[in-house]
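# Working through the structure, step by step
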Number of protein chains: 2
Amino acid sequence: MALIDTLLNHRTIRKYTSEPVAEPLLNKILEAGTRASTTGNMQVYSIIVSKDQKMKDKLAPCHFNQPMIKEAPVVLTFCADFNRFNKWCNLRNAEPGYDNFLSFVTAAIDALLVAQNVCVAAESEGMGICYLGTTTYLAKNIIDVLELPKGVVPITTVTLGWPDENPEQVDRLPLESLIHSETYHDYSDEDIDRMYAEKEAREDSKGFVAENNKENLAQVFTDVRYKKTDNVTFSNMLLEVLREQGFMNQ
Amino acid sequence: MALIDTLLNHRTIRKYTSEPVAEPLLNKILEAGTRASTTGNMQVYSIIVSKDQKMKDKLAPCHFNQPMIKEAPVVLTFCADFNRFNKWCNLRNAEPGYDNFLSFVTAAIDALLVAQNVCVAAESEGMGICYLGTTTYLAKNIIDVLELPKGVVPITTVTLGWPDENPEQVDRLPLESLIHSETYHDYSDEDIDRMYAEKEAREDSKGFVAENNKENLAQVFTDVRYKKTDNVTFSNMLLEVLREQGFMNQ
């Protein structure tokens, strides 16, 4: 399959066969993934590989017990990491100035570009992946389980394995709604109605609305899946994690 | 070329031919790129496409006049964007609770995974890309040039075009330094010496040290390229941008 077709055919895979991911293949996709660009080629990220069932069981509650964590043969936690770089600087009589918010963002960007590159590498080899957006919610718990030192913050998690399902591809908003030419063209009410029409008309969307006793799909997001009270709680917890991990000293 | 070889062969391309990127091809790579996973399939990002020379000239100082901005046929600014989603919620009698730090991080993650996917798509079609890590430094200026509304923050920028150079591949730290098995294994002084040895021994590294009159490569980073005083200044500016764009109301 041509590379671009691999990208076009992306599906999130949540069910995996019991076949393990062989070490040489895992190393190959990590090697390919870590060719991603990073700021100043500093490579201020780390990847924690969890294969041991005991460790996956400990990680599961950090991700609200989503079953992929326990069931996938491999779990990858991608972390913003200035710890290694700071140690290098300190050993070389160089004063690191990376205990601030910009440095966290720089390191998080590094980690995320590498994460996506690893996922593309895995899919190109026939594996399936699932991102867990919950990583930034209970980051403190993940830090404890994975024994992350100061200077290290988990930013996303990917479960990885051989697909044991072949789901339909999910919907995307029309490209015109995501792209702006030259300057940002803000959305009129008619734009929004048109851009979300297909999403709202889907049978699965209607199912979510019915299941949750809501008036429409937007309310499923605001009232059930991504609620303000949760967002505020997790925002404060994440800012506290950044302080504790030494990224808020500006 | 197999997809994984495209990833393994990645090089940053800073010089482009004058050949434009045809609109259908640009749309194809954007279409492929936007298949990337996003949190809850909310797709809370936008991509601003700059092709007009006047707009690229206006963007250039926001990136400290790195020449790629003016010279590349296409500049893509990837933005965390809850504005579109909030408008949808408001039109559907749903109360959006996304004016907080967690929501910024969620949207930034979406934007970055898509950015890397677009870059892989472009490289798979023979194009060259360069990331500009400066996007988070003068984000306020980029917001003004691109007319980004509240709820939108630029997070990374990519220049894109047909390669007019064939650079050597740059170095990477050994894989063992980036990967941790099961838990984080903190680095001893010997680990750091070993892991950075190849990087420090390179001729280009020695050139940077000599040019900048420093004792070693680490000091080139701490004293010249990524200085504490700059990091602190840009941290405070970025936090102010998050406040102004409505992401710090937790």
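Residues numbered from 1 in each chain as written. Chains lettered and ligands numbered in written order. Predicted model: local features only at pLDDT ≥ 70, side-chain atom pairs only at ≥ 80, totals over all residues. Heavy atoms only, no water.

Time to look at the UniProt feature "domain: Nitroreductase" (unreviewed entry) in chain A. Here the UniProt feature "domain: Nitroreductase" (unreviewed entry) sits at residues 9-162 of chain A. With 42% helix and 19% strand, residues 9-162 of chain A has its two end C-alpha atoms placed 16 Å apart. (UniProt positions renumbered as here; feature names shortened; annotations may be inferred. Helix = DSSP H or I, 4+ residues; strand = E, 2+ residues; numbered from the N terminus.)

Attention now moves to the interface of chain A and chain B. At the interface, 113 residues of chain A touch 113 residues of chain B. Between chain A and chain B, roughly 10800 Å² of surface is buried when both sides are summed, and carbon and sulfur atoms account for 62% of that area. In this assembly, chain A and chain B are joined by eight salt bridges. Its salt-bridge partner being Asp 99 of chain A, residue Lys 228 of chain B comes within 3.3 Å of it at the nearest N-O pair. Put simply, chain A and chain B have 74 residue pairs in polar contact (both at pLDDT 80 or more) between them. Among the elements that line the side of chain A that touches chain B, the one with the most residues is helix H6 (residues 101-124) of chain A, at 12 residues. As judged from the three bridges shared by strand E1 (residues 45-50) of chain A and strand E5 (residues 179-181) of chain B, these two strands associate in the parallel manner. Paired with Val 49 of chain A across the bridge in E5 of chain B is Ser 181 of chain B. (Contact = heavy atoms within 4.5 Å. Buried area = accessible area lost by both parts, 1.4 Å probe. Salt bridge = Lys/Arg side-chain N within 4 Å of Asp/Glu carboxyl O. Polar contact = N/O pair within 3.5 Å; in protein donor to acceptor, adjacent residues only side chain to side chain. Pairing = 2+ DSSP bridges.)

Bringing the relation of the copies chain A and chain B into the picture now. Superposing chain A onto chain B takes a rotation of 180° combined with a translation of 0.0 Å along the rotation axis, leaving an RMSD of 0.0 Å. Overall, the copies show the geometry of a two-fold rotation axis. Within chain A, the C-alpha atom positioned nearest to the axis of rotation is that of Leu 3 of chain A, 2.4 Å from it. When the interface residues of chain A are mapped onto chain B, 100% of them are again interface residues, pointing to one common binding face. (Least-squares fit on C-alpha atoms with pLDDT ≥ 70 in both.)

Right, let's get into the sheet that holds strand E3 (residues 128-132) of chain B. An order of E5(A)-E1(B)-E2(B)-E4(B)-E3(B) is seen for the five strands of this open sheet, with the pairing classed as mixed. Single-partner strands in this sheet number two, and they are strand E5 (179-181) of chain A together with E3 of chain B. The sheet shows a mean angle of 25° between the axes of neighbouring strands, direction not considered. As judged from the six bridges shared by strand E1 (residues 45-50) of chain B and strand E2 (residues 74-81) of chain B, these two strands associate in the antiparallel manner. Its bridge partner being in E2 of chain B, Ser 46 of chain B is matched across the sheet by Cys 79 of chain B. Of the strands in this sheet, E1, E2, E3 and strand E4 (152-161) of chain B touch helix H6 (residues 101-124) of chain B, which is tilted by about 155° from E2 of chain B. (Axes fitted to C-alpha atoms, helices over the stretch in contact; angles between N-to-C directions.)

What follows concerns the pattern of salt bridges. Side chains carrying opposite charge are able to pair once their charged atoms draw close together. Residue and element names in this part refer to chain B. Tallied over the entire structure, the rule returns 32 salt bridges over all chains. In this structure, Lys 199 engages Asp 171 in a salt bridge whose closest nitrogen and oxygen atoms are separated by 3.0 Å. Placement of the pair is Lys 199 in helix H9 (residues 189-201) and Asp 171 in the loop between E4 and helix H8 (175-178), with a sequence separation of 28 residues. Judged by its relative accessible area of 8%, Lys 199 is buried. Between Arg 202 and Asp 204 there is a salt bridge, and its shortest N-O distance comes to 3.0 Å. With relative accessibility at 34%, the residue Asp 204 sits in the partly exposed group. (Buried < 20%, exposed > 50% of the residue type's maximum accessible area, 1.4 Å probe, protein only.)

Summed over the entire model, instances satisfying the criterion amount to six cavities of 30 Å³ or more. Reported here for the largest cavity is a volume of approximately 90 Å³. Lining the largest cavity are Phe 104, Val 105, Ala 108, Ile 109, Leu 112 and Ile 155 of chain A together with Phe 104, Val 105, Ala 108, Ile 109, Leu 112 and Ile 155 of chain B. Elements that contribute at least two residues to the lining of the largest cavity include exactly H6 of chain A together with H6 of chain B. Residues that form the lining of the largest cavity fall into these classes: 12 nonpolar, no polar and no charged. (1 Å grid on protein atoms, 1.4 Å probe; cavity = no way out; pocket = protein on both sides within 12 Å on 5 of 7 lines; lining within 4 Å. Points joined across faces, edges and corners; volume = space filled by probe spheres on them. Nonpolar A, V, L, I, M, F, W, Y, C, P; charged D, E, K, R; others polar.)

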